[in-house]
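# Tertiary structure, described
The lines below spell out each chain.
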Amino acid sequence: MQLEDSEMAQKGQHVVPSGGKWAVRRSGAERASGVFSTQEEAVSRARELAKTQGTELYIHGRDGRIRERSSYGKDPYPPKG
């Protein structure tokens, strides 16, 4: 499945479907940094990378569209509490 350029344009880690498995791919990268049997395993690895890098995590559904997003960067507008 080919993802549209606009869907991979966001900086961060993307969990994307890949030949019946799930791949973790950094924005703009041609190759996946890892391929996993389950989406759950891929999300776990991508979350670790996003936290370490202070970037976003984008989870794509089987149709390739972003279905969930988490941010691990510095929030320019943190909640007041």
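Throughout what follows, the structure given in this document is the object of discussion. (Residues numbered from 1 in each chain as written. Predicted model: local features only at pLDDT ≥ 70, side-chain atom pairs only at ≥ 80, totals over all residues. Heavy atoms only, no water.)

## Observations regarding the pattern of salt bridges
We count it as follows: Each reported salt bridge corresponds to a side-chain nitrogen of Lys or Arg within 4 Å of a carboxyl oxygen of Asp or Glu. Here a helix means four or more residues in a row that DSSP labels H or I, a strand means two or more in a row labelled E, and each is numbered from the N terminus. With a 1.4 Å probe rolled over the protein chains alone, any residue whose accessible area is under 20% of its type maximum counts as buried; one over 50% counts as exposed, and the rest are partly exposed.
Using the criterion set out here, one finds three salt bridges in the structure. Among the salt bridges present, the one from Arg69 reaches Glu56, with a minimum N-O distance of 2.9 Å. Placement of the pair is Arg69 in strand 5 (residues 66–71) and Glu56 in strand 4 (residues 56–60), with a sequence separation of 13 residues. Assessed through its relative accessible area of 55%, Arg69 is described here as exposed. By relative accessible area, which is 15% here, Glu56 ends up buried.

## Focus: the sheet that holds strand 4
What counts, and what does not: In short, DSSP must find at least two bridges between two strands for them to pair. Every angle, taken between N-to-C directions, lies between 0 and 180 degrees, and every axis is a line fitted to C-alpha atoms, over only the stretch in contact when it is a helix. In what follows, a contact means two residues having at least one pair of non-hydrogen atoms within 4.5 Å.
Here we have five strands laid out as an open sheet, ordered 3-2-1-4-5, and mixed in their pairing. Only two strands of the sheet have a single partner each, and these edge strands are strand 3 (34–36) and strand 5. On average, each strand axis in the sheet is tilted by 20° relative to the strand beside it, whichever way the strands run. Against the sheet, helix 2 (residues 39–53) engages strand 1 (12–18), strand 2 (21–26), strand 3, strand 4 and strand 5, with an angle of about 165° to strand 1.

## Some remarks on the side chain of His14
To be explicit about the condition: We call two N or O atoms a polar contact when they sit within 3.5 Å, provided that within protein one can donate a hydrogen and the other can accept it, with sequence-adjacent residues counted only if both atoms are side-chain atoms.
Following the sequence through the fold, His14 ends up in strand 1. In this structure the side chain of His14 is engaged in a polar contact, spanning 3.1 Å, whose partner is the side chain of Ser27. At 2.8 Å, the side chain of His14 forms a polar contact with the side chain of His60.

Geometry only, nothing functional implied.
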